[in-house]
Amino acid sequence: MISRVIYFAGGCFWGTEHYMSQFPGVLDTSVGYANGKVHNPAYEQVYTDQTGHVECVKVTYDPEIITLAALCRLFFRSIDPLLLNRQGDDCGTRYRTGIYWSDEQDRQIVEEIYAEIQGMYEQDLVVEKSPLECFYHAEVYHQDYLYKNPEGYCHLSLQTMKFAKTYSQIIKDLRNVADEGKKTVLPRFFKTGPGEYGEGDRFLGVVVPSTRKVAKIHKDASYEVLEALLESEWHECRLCALLILIEKYRKDQEGAVNFYLSHLSGINNWDLVDLSAPYILGDYLLEKGDRSVLYELAESDNMWEQRIAIVSTLMLIRHDQFDDTIRLAESFVGTRHDLIRKAVGWMLREVGKRDQKRLENFLEAYMRVMPRTMLRYAIEKFPPEQRRYYMS
């Protein structure tokens, strides 16, 4: 195992260490004083704000379990990045925020996540980002302070700590039901190689039924937890978030749908779409006259958003509402994406199960220009002779 190190300053280092130490993949944490001008200072010196040091947490982690990008995103969830020299009730330059790297190759990732977070704010962030100049371990009584003193002072809110605990537990639960064999097979099945549709996706090796069980256990997880899971590089974490979101939809339709539509970037493989879109967006649109969102998604340049549009209509089809499926299928006749061709053919087949004449009318109009994959999927349930007619 090759471990790596990154340094975070998030205000009082007691709370920041406790928060960061909870995440699976974090191997060790220690607190200290960083980037000041006094050699090996004592806490009493740093407290004066005359040393230039910042209270900082050294995080040692396993990049095979948690990436630097994930750690940086989680860190940003624990701070207010617009506050200068202050977090919570703690004020002073020693409580400034920052991310510091000891390996220059980490700069790019930190810069990318910083830019991502900056895009969420109109004001400039005041979080430092720079190479580590120096780091001196703090006194022993500061190390693991909140583990040794559970009732001790912490500038982080109970909500923030609950987020860390729930998020971490979900990932631990998923890892506990992972299968090493599936971990090898799934990346090939979901086409994660260079240039393939799932490029870069990572798998823990958890099958869908096991992921459903974890989601059921954590069905009351907050939207913030779901958001963090959807940002995960691990496929099963994103799927678990969507399965929990389906549970939340039953109690909070507007909130769940709005969340779904504002986090589409994490719904980026076909199973993530197919196991969520009909049961959240599709179900929501059943009683809605305005279904323009489907056509906006269909016009997107993003293949997964296009798939969400057409697969969402599965719920409409199950209630004998075919018009949107047909209109979307017409718009996708010329698509170059194989996964959209298959999805459209699948939805047309579902229409045909309930109204074969409606499907036949569509086929008569488009069978000569439909991609062969789309056509084959659409007529899969037809008798052999009828299939030969359309394929000829």
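Up top you'll find the structure we're talking about.
What you see is a predicted model; the values in this text were computed from it and never measured. (Residues numbered from 1 in each chain as written. Predicted model: local features only at pLDDT ≥ 70, side-chain atom pairs only at ≥ 80, totals over all residues. Heavy atoms only, no water.)

**Q** I'd like a rundown of the overall build of the protein, residues and numbers included.
**A** Looking only at helices and strands, the protein has 20 helices and eight strands in total. Along the longest, intermediate and shortest principal axes, the C-alpha atoms of the protein span 85 × 40 × 35 Å. Put simply, the protein has 392 residues, and 54% of those count as buried. Of the contacts formed within the protein by residues at least 6 apart in sequence, a portion of 74% connects residues at least 24 apart. Of the accessible surface of the protein, which amounts to about 18500 Å², a share of 49% is contributed by carbon and sulfur atoms. With 47 positive and 58 negative side-chain charges, the protein shows a separation of 8 Å between the mean positions of the two kinds. (Helix = DSSP H or I, 4+ residues; strand = E, 2+ residues; numbered from the N terminus. Buried < 20%, exposed > 50% of the residue type's maximum accessible area, 1.4 Å probe, protein only. Contact = heavy atoms within 4.5 Å. Areas by Shrake-Rupley, 256 points an atom, 1.4 Å probe, with all protein chains shown as cover. Lys, Arg positive; Asp, Glu negative; His and termini not counted. Charge placed at Lys NZ, Arg CZ, Asp CG, Glu CD.)

**Q** Would you mind going over the environment of Val-5 in detail, with residue names and values included?
**A** Of note, Val-5 is situated in strand 1 (residues 4-10). A residue is classified by how much of its surface remains accessible, and Val-5, at 21% relative accessible area, is partly exposed. As for Val-5 and Leu-83, which are separated by 78 residues in sequence, their C-alpha atoms are 25 Å apart. Val-5 has contacts with Lys-58, Val-59, Thr-60, Tyr-61, Ser-102 and Asp-106, leaving out every residue within four places of it along the chain.

**Q** Describe the pattern of salt bridges, with residues and values.
**A** Tallied over the entire structure, the rule returns 22 salt bridges. A salt bridge links Arg-358 to Asp-323; its shortest N-O distance comes to 2.8 Å. One end of the pair, Arg-358, is in helix 18 (residues 356-366); the other, Asp-323, is in helix 16 (residues 323-331), with 35 residues separating them in the sequence. Within this structure, Arg-77, Glu-224, Glu-227 and Glu-231 form a network of salt bridges that share partners. (Salt bridge = Lys/Arg side-chain N within 4 Å of Asp/Glu carboxyl O.)

Bear in mind that shape data such as this cannot, by itself, settle questions of function.
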